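Examination of the molecular architecture
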2 protein chains.
Amino acid sequence: MNNSLLQDQAHAFLSQYGKESGLSEETIHERQCFIKDEIESMGTYTHTLEEITYGAKLAWRNSAKCIGRLFWETLDVFDARDVKSKEEVARHIHHHIQHATNDGKIRSTITVFPAISSPQTVQLWSHQLIRYAGYQEQSSEILGDPACLELTIVAQSLGWQGEGTPYDILPVIFQWNEEPPSMVAIEKAEVLEVQIDHPINLDWKSLNLKWYAVPIISDRYLEIGGLYYPAPFNGWYMETEIAARNFVDAYRYNRLRDVANQLKLDTSSTTTFWRDRALVELQYAVYTSFKQAGVQMVDHYTAAQQFQTFREKEEKQHREVKGDWTWLIPPVSPSLTPIFHQGIVNEELSPNFVKQKRPKL
Amino acid sequence: MNNSLLQDQAHAFLSQYGKESGLSEETIHERQCFIKDEIESMGTYTHTLEEITYGAKLAWRNSAKCIGRLFWETLDVFDARDVKSKEEVARHIHHHIQHATNDGKIRSTITVFPAISSPQTVQLWSHQLIRYAGYQEQSSEILGDPACLELTIVAQSLGWQGEGTPYDILPVIFQWNEEPPSMVAIEKAEVLEVQIDHPINLDWKSLNLKWYAVPIISDRYLEIGGLYYPAPFNGWYMETEIAARNFVDAYRYNRLRDVANQLKLDTSSTTTFWRDRALVELQYAVYTSFKQAGVQMVDHYTAAQQFQTFREKEEKQHREVKGDWTWLIPPVSPSLTPIFHQGIVNEELSPNFVKQKRPKL
Ligand code: HEM
Ligand code: HEM
């Protein structure tokens, strides 16, 4: 990246941050000049804690695919830009899991590691901090989560061994500087999980469905003012993510037919609508199980209502909400939500979360 | 439209039509030269019956929003380009309804009226040939189909009077040449309708749900080789169109809560998933009622499978299927269909069905 592009991006972020935070024109201008010089002499610059905190919130607010953005101002930001060793990285990872989980009263959290232009860097390979292993069986069946086949092999090559259940918690894989990948073991004790039962159909335990409480996405960069930070972040789950996608997608756990059988639905024809029936029952089971376990979760209908409130609040601030319709509509009964019936412009604003591809520096 | 653009469009269509129909290069070339001269001297040209028949099928094959395209080759094309009076227009409309309905064994049908560049023209105002009226009540409630408020007023201004039920069949409104709009009354006797019952929940009759058998879209132009034809077309219904949209959308009949009450669902909270449950039950009721009445209909899961087959068949012909993802995914359990998980390029090929906006000629 050349200095003048970075200067422009820094300038633009500082203008937005300053204006929205009520800083005076003068203060903003001074800070912009300071950063300009810093970039000129160093080739990069350093955000203050306030800047990075607000920048992370803006990145959430700008996430076009996220239906949960009403709460963008309530993000707990942890600054891990000063990590000096792999052990410190590991400590921050454990801390994130613990802080976010909070016994089920989930806190939206982000941990910001050094920008990729820093002398010491963390490259997170894991898609999420908590994730179940996937094993290719000799029978050509897959045990566990098919989405994690590759990472499971990497973990095994680093000496990790799973128990061989469908829900073995993977270690977090990351690279420290240019070293070969390392791993941080995630202990069962630190991972809150929820067994999926059904409030009426009492025999559900035999389906052996469970999921972890907190989805902590870890393979994106947080981009603020032209700097790219590895930065795991989490909110709480919307029920469809687990109950319509993770358990159901043909390339994930693929359990819809098992659920239908458990419900004794007539699966002899498509036109009994058994797939749709099983899907709804699974939403209900996952949602009520999470609630019963005291773990925060939102249903897709409520989430869509919250998204409407978000849009209205933003419009009052004269900010047009951008969005990716194809991600924002829930995968269950989408036309029952207002999102389905509205247009929305899909545009990537900055700050944002971006695909992890090392930009040329 | 200038002659050279029209010549190019005619040329391109003739090339495609000729190649796919196995005509010799020479025959195609001769016809192209003939059309070129025709356009030069007349400013327009005339399709043969074969051209218009194949062109209409191509327009269906190219319809990016249509999930039903597997059957694009089985379209019954009626040539109404020679209509000389309003009475003849009316006769063709009645004929279309009758031929397409076919006692429930629905036939995909299109009736092609004179191109809009012709000396005598038909401008169809109705969105579909069969449609239920919508009345704004004094209570500010709406009786019937809110989508038809405007057309109902036009019909009334032409002297039509509905019975005041939620399902009054509107006349078809059209303009002959530049005359004021006329209407064609559609008799109850010529419209096949299906009463929606539920196979298990026997008390559904009290919901008073019914719908017509055949959706005949009438406010698009069929564009072939640069010529624009008013041309009502129909396939059969996919169950979601009625059961997830017409009966359920807040700006349509808006009956979801009534259905839930009929099913005695607990509607006290979003998280009983009563909306999703009622929606699935409504799919089931509509689908089984149509089948019981002997009226062709496809469920959304089967339609999605058929669309996959269509894609595969097209790819074998080295033709990339274009599509509008946001329309192709069904509004019920979309992620259970392969369409949801695949990318598709949204591009408007010609021939096609286009928005009815009189192009500058
Ligand atoms: C507070 C509760 C939250 C809810 C209920 C929520 C909900 C969702 C849902 C349902 C998705 C779609 C996921 C998928 O289909 O795979 C999503 C995507 C996303 N969310 Fe949120 N979210 C929340 C918090 C957050 C937070 C705290 C951040 C960042 C600070 C965030 C940033 C994003 C991003 C970047 C995506 C796109 C992910 C991708 O590209 O894979 N969300 N969110
Ligand atoms: C044979 C059975 C057919 C099925 C099951 C089918 C299914 C569908 C469905 C579900 C839609 C979306 C409708 C909506 O959401 O409003 C659609 C749209 C469409 N279909 Fe088909 N279709 C069929 C036949 C046809 C035929 C025969 C044609 C033309 C010759 C056609 C052309 C179109 C077009 C142009 C659209 C877009 C309509 C618009 O823009 O409002 N379809 N189809």
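Counting starts from 1 at the beginning of each chain's written sequence and moves along it residue by residue. To read the labels, note that chains go from A and ligands from 1, taken in the order they are written. Reporting of local features is limited, given that this is a predicted model, to residues whose pLDDT is at least 70; pairs of side-chain atoms are given and counted only at 80 or more, and all residues count toward the totals for whole chains, interfaces and linings. In computing side-chain properties, one takes all heavy atoms of the structure into account and sets aside hydrogens as well as water.

Secondary structure elements are taken from DSSP: a helix is a run of H or I of four residues or more, a strand is a run of E of two residues or more, and numbering for both begins at the N terminus. A tally of helices and strands in chain A yields 10 helices and 16 strands. The C-alpha atoms of chain A give 22 Å as radius of gyration, which agrees with the globular expectation for 361 residues (21 Å, within 12%). For the C-alpha atoms alone, the extent of chain A along its principal axes is close to 70 × 50 × 35 Å. Burial status across chain A gives 54% buried among its 361 residues. When contacts within chain A are restricted to residue pairs at least 6 apart in sequence, those whose partners lie at least 24 apart make up 66%. Each accessible area value is a Shrake-Rupley result obtained with a 1.4 Å probe; residue values ignore everything except the protein chains displayed when judging cover. Accessible surface for chain A amounts to roughly 16,300 Å². Of this, 50% is attributable to carbon and sulfur atoms. The globule rule used here is 2.2 Å times the number of residues to the 0.38 power, and the radius of gyration it is set against is calculated over C-alpha atoms. Buried, partly exposed and exposed residues are distinguished by accessible area as a fraction of the type maximum, computed with a 1.4 Å probe on protein chains only: under 20%, between the cut-offs, and over 50%, respectively. Any two residues having at least one pair of non-hydrogen atoms within 4.5 Å are treated as being in contact.

With that settled, the discussion passes to the coordination of the iron atom of ligand 1. In an ideal octahedron of six donors the angles at the metal are 90 or 180 degrees, and in an ideal tetrahedron of four donors they are 109.5 degrees. For the iron atom of ligand 1, the protein supplies a single donor, A:C66 (SG), at a distance of 2.3 Å. Summarising the element assignment, A:C66 is placed in the loop between helix 3 (49–61) and strand 1 (76–79). Coordinating donors are taken as N, O and S atoms within 2.8 Å of the metal, stretched to 3.2 Å for Na, K and Ca; because water is absent from the atoms, sites can appear incomplete.

On to the site of ligand 2, then. All names here are of chain B. A cutoff of 4 Å decides nearness: a residue is near a molecule or strand if any of its heavy atoms lies inside that distance of it. Taken together, 18 residues lie around ligand 2, and W60, C66, R220, F233 and N234 are the ones closest in. Between ligand 2 and the protein, one listed contact pairs a nitrogen atom with a side-chain N or O atom of W60 at 3.3 Å. The separation between an oxygen atom of ligand 2 and a polar side-chain atom of R220 is 2.4 Å. When its residues are assigned to classes, the shell around ligand 2 shows 10 nonpolar, 5 polar and 3 charged. Pairs of N or O atoms are called polar contacts if they sit within 3.5 Å, as long as, within protein, a hydrogen donor faces a hydrogen acceptor (for residues adjacent in sequence, only side-chain-to-side-chain pairs). Residue polarity follows a fixed list, in which Ala, Val, Leu, Ile, Met, Phe, Trp, Tyr, Cys and Pro are nonpolar, Asp, Glu, Lys and Arg are charged, and the others, Gly among them, are polar.

Bringing the site of ligand 1 into the picture now. Residues and elements named next belong to chain A. Taken together, 18 residues sit near ligand 1, with W60, C66, R220, F233 and N234 positioned nearest. In this structure, W60 approaches ligand 1 through a side-chain N or O atom, which is 3.3 Å from a nitrogen atom. Residue R220 places a side-chain N or O atom 2.4 Å away from an oxygen atom belonging to ligand 1. Its residues assigned to classes, the shell around ligand 1 comprises 10 nonpolar, 5 polar and 3 charged.

Before going further, it helps to spend a moment on the relation of the copies chain B and chain A. If you rotate chain B by 180 degrees and push it 0.0 Å along the axis, it lands on chain A with an RMSD of 0.0 Å. Viewed as a symmetry operation, the transformation between the two copies matches a two-fold axis. Taken as a fraction of all interface residues of chain B, those also at the interface in chain A reach 100%, which identifies the copy contact as same-surface. The superposition of copies rests on a least-squares fit of C-alpha positions from residues with pLDDT of 70 or more in both.

With 35 residues of chain B in contact, the opposing surface of chain A contributes 35 residues. Once two parts are joined, some of their accessible surface, as seen by a 1.4 Å probe, is lost; buried area is that loss totalled over both. Buried area between chain B and chain A, summed over both chains or domains, comes out near 3,000 Å², and the portion from carbon and sulfur atoms is 69%. For salt bridges, the criterion is a side-chain nitrogen of Lys or Arg within 4 Å of an Asp or Glu carboxyl oxygen. Applying the counting rule to chain B against chain A returns 2 salt bridges. For B:E281, the salt bridge goes to A:R277, with nearest N and O atoms at 3.0 Å. At the surface where chain B touches chain A, the tally comes to 10 residue pairs in polar contact (both at pLDDT 80 or more). Contributing elements (two or more residues each) for the side of chain B that touches chain A: helix 6 (239–246), helix 8 (274–292), helix 9 (300–316) and helix 10 (325–328) of chain B. Counting residues per element, the side of chain B that touches chain A draws most heavily on helix 8 of chain B, which supplies 9 residues. A breakdown of the residues in the side of chain B that touches chain A according to their chemical character gives 17 nonpolar, 10 polar and 8 charged.

On to the sheet that holds strand 12 (residues 227–230) of chain B. Residues and elements named next belong to chain B. Only strands joined by at least two bridges in the DSSP assignment are considered to pair. Taken in spatial order, the 3 strands make up an open sheet running 12-11-16, and their pairing is antiparallel. Of all strands in the sheet, those with a lone pairing partner are strand 12 and strand 16 (352–355), marking the two edges. Along the sheet, successive strands turn relative to each other by an average axial angle of 40 degrees, direction set aside. Direction of pairing for strand 11 (residues 220–224) relative to strand 16: antiparallel, over a ladder of 4 bridges. For R220, the partnering residue across the bridge sits in strand 16 and is K355. Most of the contacts of helix 3 (residues 49–61) go to strand 11, to which it runs at about 115 degrees, and overall it touches strand 11, strand 12 and strand 16. Lines fitted to C-alpha atoms define the axes here, with helix axes fitted over just the stretch in contact, and angles between the N-to-C directions of these axes take values from 0 to 180 degrees.

Attention now goes to the confidence of the model for chain A. Per-residue pLDDT for chain A averages 96, and the proportion of residues at 70 or more is 98%. Across the whole predicted complex the pTM is 0.96, and at the interface the ipTM reaches 0.96. Here pLDDT means the predictor's own confidence in every residue, given as a number from 0 to 100.

Now for the sheet that holds strand 6 (residues 172–176) of chain A. Two orientations exist for strands paired in a sheet by backbone hydrogen bonds: parallel and antiparallel. Residues and elements named next belong to chain A. With antiparallel pairing, the 3 strands of this open sheet are ordered in space as 3-6-7. Two strands bound the open sheet, and with one partner strand each, they are strand 3 (122–124) and strand 7 (182–184). Pairs of neighbouring strands in the sheet enclose a mean axial angle of 35 degrees, with direction left out of account. Lying over the sheet, helix 4 (residues 86–101) contacts strand 3, strand 6 and strand 7, oriented at roughly 145 degrees with respect to strand 6.

What follows deals with the environment of A:Y221. All names here are of chain A. Structurally, the position occupied by Y221 is in strand 11 (residues 220–224). Looking at Y221, the relative accessible area reads 1%, which means it is buried. Separated by 135 residues in sequence, Y221 and Q356 place their C-alpha atoms 5.6 Å apart. Polar side-chain contacts of Y221 include one of 2.9 Å to the side chain of Q123.

Another aspect to go through is the pattern of salt bridges. Residue and element names in this part refer to chain A. All chains considered together, the criterion is met by 32 salt bridges over all chains. In this structure, the salt-bridge partner of R319 is E20, at a minimum N-O distance of 3.6 Å. Of this pair, R319 sits in the loop between helix 9 (300–316) and helix 10 (325–328) while E20 sits in helix 1 (residues 3–20), and the two are 299 residues apart along the sequence. Given a relative accessible area of 22%, R319 falls into the partly exposed group.

Next up on the list: the packing of aromatic side chains. A pair of Phe, Tyr and Trp rings is counted when the ring centres sit within 6.5 Å of each other, with Trp represented by its six-membered ring. The angle between the planes then sorts it: under 30 degrees is stacked, over 60 is edge-to-face, the rest tilted. Considering all chains together, one arrives at 39 aromatic pairs over all chains under this definition. Arranged with centres 5.8 Å apart and planes meeting at 55 degrees, the rings of A:Y17 and A:Y54 form a pair that is tilted. Of this pair, A:Y17 sits in helix 1 while A:Y54 sits in helix 3, and the two are 37 residues apart along the sequence. In this structure A:Y17 comes out as buried when scored by relative accessible area, which is 9%. Members of the aromatic cluster, joined through ring pairs, are A:Y132, A:Y167, A:W211, A:Y212, A:Y237, A:F247 and A:Y253. By definition here, charges over rings are those cases where NZ of Lys or CZ of Arg is within 6 Å of the ring centre and within 35 degrees of the ring normal. The ring centre of A:Y301 lies 3.5 Å from the NZ or CZ of B:R275, which sits over that ring. Directly above the ring of A:Y284 sits B:R277, whose terminal nitrogen or CZ lies 4.7 Å from the centroid.

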